[in-house]
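# Observations on the three-dimensional arrangement
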Amino acid sequence: MNYPPPGHVPAGAELRAMFALLSLLVTLASLTSGPVCAGEVVLEENFDGIADGELPPGWSTVSGKPRVEGGRLLINAMGEPTPVVYFGDPEWRDVRVEVSLTFEDAAEPTRWAALAWRTPADSTPSDFYMYTVRQNARARNGLEFARRMPATSRTMWRVYATARAPETMRPGEAHRLVVEARGNFVRHWFDGKLVVESPLAIGVEKGRLGFTCSGARAYFDNLKVSVLPPMTPEEQAAYTETGKAVVCAHRGFSAIAPENTLASYRAAIDVGAPAAECDVVGTSDGVVVLSHDWTADRCTDGSGKFSEMTLEQVKQLDAGSWKGEKFAGERVPTLKEALAVTKGKLRLVVEIKDAGVVEQVAADIREMDAINDCTIISFNLGVCKQMREIEPGLAVGWLTSGLGEDDEAEADKQIQMALSANVQFVDVASSGVKPALVRRANLAGLTVWVWTVNDPDLVKYFAKMGVKSITTDDPPSEVLCEDGREVHHHRRPRDGPGSAAGYVGLWEVTEYHGFVHPMHSAG
């Protein structure tokens, strides 16, 4: 079909009636026909045959007032409830979706419009994927591949990949968006440029399409949907089942307890986590204490830099009340206090943020006789190299953002950097773990860890890829027993005041999926 220019409205009642009939036939065909051939166009819609204020036949509104206006679909979220409209076949799996997007207004540059795909058949606005475009599309996260999580999830969104568009979305200018989804692989284009490529569309297998908007007024037009051939086994095998992985509790069991406190590490021990990560900085009198931040502002009732405080001053801070009344009075622990709690119960993975405390960290670990109970990580390769020289008995890993693309040459560069510091593993951001990096690291004798993963589907994905340790805020989530039975982490409301999440974990053993229960792992 040859599309008219954006905004074109045909003249004459007969022409409008003809387009309405064609639209109805196309929509009905897409909703009622049986299996379609690979590559077949199943829906085309330019909205020219739809009366203002209406929607094409078979389209359904979930919220707000999406409607056709002047031959385009208007999604208006300026002062109105978030509009969501769904359409298409709930059995669609492998599809290519093309649509033109025009911003007319936005409350601020971060506001967005989105193409939703694999949306649920029951019209509930949750658990689907989105190609999100911000009005400032040139921002670091101007384009996003994300998942709107189920209503039962602790978090509302998971953002799996971000990208910058070549230009921002100027009012009145149309830009062409394309999504290809095949199996768990997805690709996004912006005006013909490939901007996102990800294998992380794992949790939702099929569903309808939709449009939505937040804090903006946007038009969608010239929609085309095609069915794609299913992925072959060879294409789907972008990762292989190469072993098992262990869980590492991020800043302790930080999903339910205040991060980097003894309460958080005791909670991780209680659920059987084999390892827990902590962050360390130094005080003005040379004591190593646990904190992710350089300052006390975010996670205590105080303020100021730890490097300008004595240990006595640090110990006056309340590091627990922000997480809930039950944690009031939790103090910022020293590294030695944390080791006293965790030694022999879980491996403490110590992230060194302050290059000036390397020698003191090594001294504290030796004093606590905890060489075999600790691992060191740092973004600073100099710190990694220094620790390997000071204390060869400690395992050391380099924290890195990983790869932007699945590129073996770039993977080799990062691996050479790691080897130059004599580390034993690389600890990679979840968005940067690519099959090429895992393959090349294994060939070089390095293992790969990943941080921070809270999506159970991604936990299984990374375990199958060959990652050996997975850092998570929620250590009981989706882990497995040695005998191959899966352990699901269920939740129930916590009695009385508690964490921000307000839940505690329960266990139910089912079938095997490839990840190791921490109680049966070597750490």
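These remarks concern the structure in this document. (Residues numbered from 1 in each chain as written. Predicted model: local features only at pLDDT ≥ 70, side-chain atom pairs only at ≥ 80, totals over all residues. Heavy atoms only, no water.)

Before going further, it helps to examine the sheet that holds strand β9 (residues 143-148). Here seven strands make up an open sheet; going across it, the order is β2-β5-β14-β7-β8-β9-β10 and the pairing antiparallel. Across the chains shown, the open sheet's two edge strands, defined by having one partner strand only, are β2 (60-63) and β10 (157-163). Between one strand and the next, the sheet's axes are offset by a mean angle of 20 degrees, whatever the strand orientation. Pairing of strand β7 (residues 112-119) with strand β14 (residues 208-214), which is carried by seven bridges, proceeds in the antiparallel orientation. Residue Leu-115 lies in a different strand from β14, and its bridge partner there is Phe-211. (Pairing = 2+ DSSP bridges. Helix = DSSP H or I, 4+ residues; strand = E, 2+ residues; numbered from the N terminus. Axes fitted to C-alpha atoms, helices over the stretch in contact; angles between N-to-C directions.)

Here the focus is the pairing of β7. With respect to burial, β7 is a largely interior element, eight of its eight residues being buried. Strand direction decides the pairing type here: β7 and strand β8 (residues 128-134), joined by six bridges, are antiparallel. Across the sheet, the residue bridging to Trp-112 is Arg-134, located in β8. (Buried < 20%, exposed > 50% of the residue type's maximum accessible area, 1.4 Å probe, protein only.)

Counting 116 residues, the largest nonpolar core has Val-133, Phe-145, Phe-211, Ile-352 and Val-361 as its most contacted members. Core analysis: the second largest hydrophobic core is formed by nine residues, Met-309, Val-314, Ala-319 and Val-332 among them. (Core = buried A, V, L, I, M, F, W, Y, C linked by side-chain atoms within 4.5 Å.)

A grouping of Glu-197, Glu-405, Asp-406, Asp-407 and Glu-410 is seen on the molecular surface, where their side chains present a negatively charged patch. By secondary structure assignment, the location of Glu-405 is in the loop between β21 (395-400) and α8 (408-420). When its relative accessible area of 62% is taken as the criterion, Glu-405 is described as exposed. (Patch = residues over 30% accessible without salt bridge, like charges linked within 9 Å, V, L, I, M, F, W, Y side chains within 5 Å. Areas by Shrake-Rupley, 256 points an atom, 1.4 Å probe, with all protein chains shown as cover. Salt bridge = Lys/Arg side-chain N within 4 Å of Asp/Glu carboxyl O. Lys, Arg positive; Asp, Glu negative; His and termini not counted. Charge placed at Lys NZ, Arg CZ, Asp CG, Glu CD.)

Looking now at helix α3 (residues 262-270). For α3, the full list of buried residues reads Leu-262, Ala-263, Ser-264, Tyr-265, Ala-267 and Ala-268. Along its buried surface, α3 packs onto β16 (246-249), β17 (275-282), β18 (288-290), α5 (335-342) and β19 (347-352). (Contact = heavy atoms within 4.5 Å.)

Despite not being glycine, Arg-118 shows a phi value in the positive range, around 55 degrees. Following the sequence through the fold, Arg-118 ends up in strand β7. With relative accessibility at 3%, the residue Arg-118 sits in the buried group. In this model, Asn-222 sits at a positive phi of 50 degrees, which is unusual for a non-glycine residue. Relative to the helices and strands, Asn-222 is located in strand β15 (residues 216-227).

Residue placement: Thr-400 occurs in strand β21. Within the local environment of Thr-400, its side chain forms a polar contact with the side chain of Gln-414, the two groups lying 3.2 Å apart. If near-sequence neighbours (up to four positions away) are discounted, Thr-400 is found in contact with Phe-379, Gln-414, Val-426, Asp-427, Val-428, Ala-429 and Trp-451. (Polar contact = N/O pair within 3.5 Å; in protein donor to acceptor, adjacent residues only side chain to side chain.)

So yeah, pure geometry; function would need other evidence.
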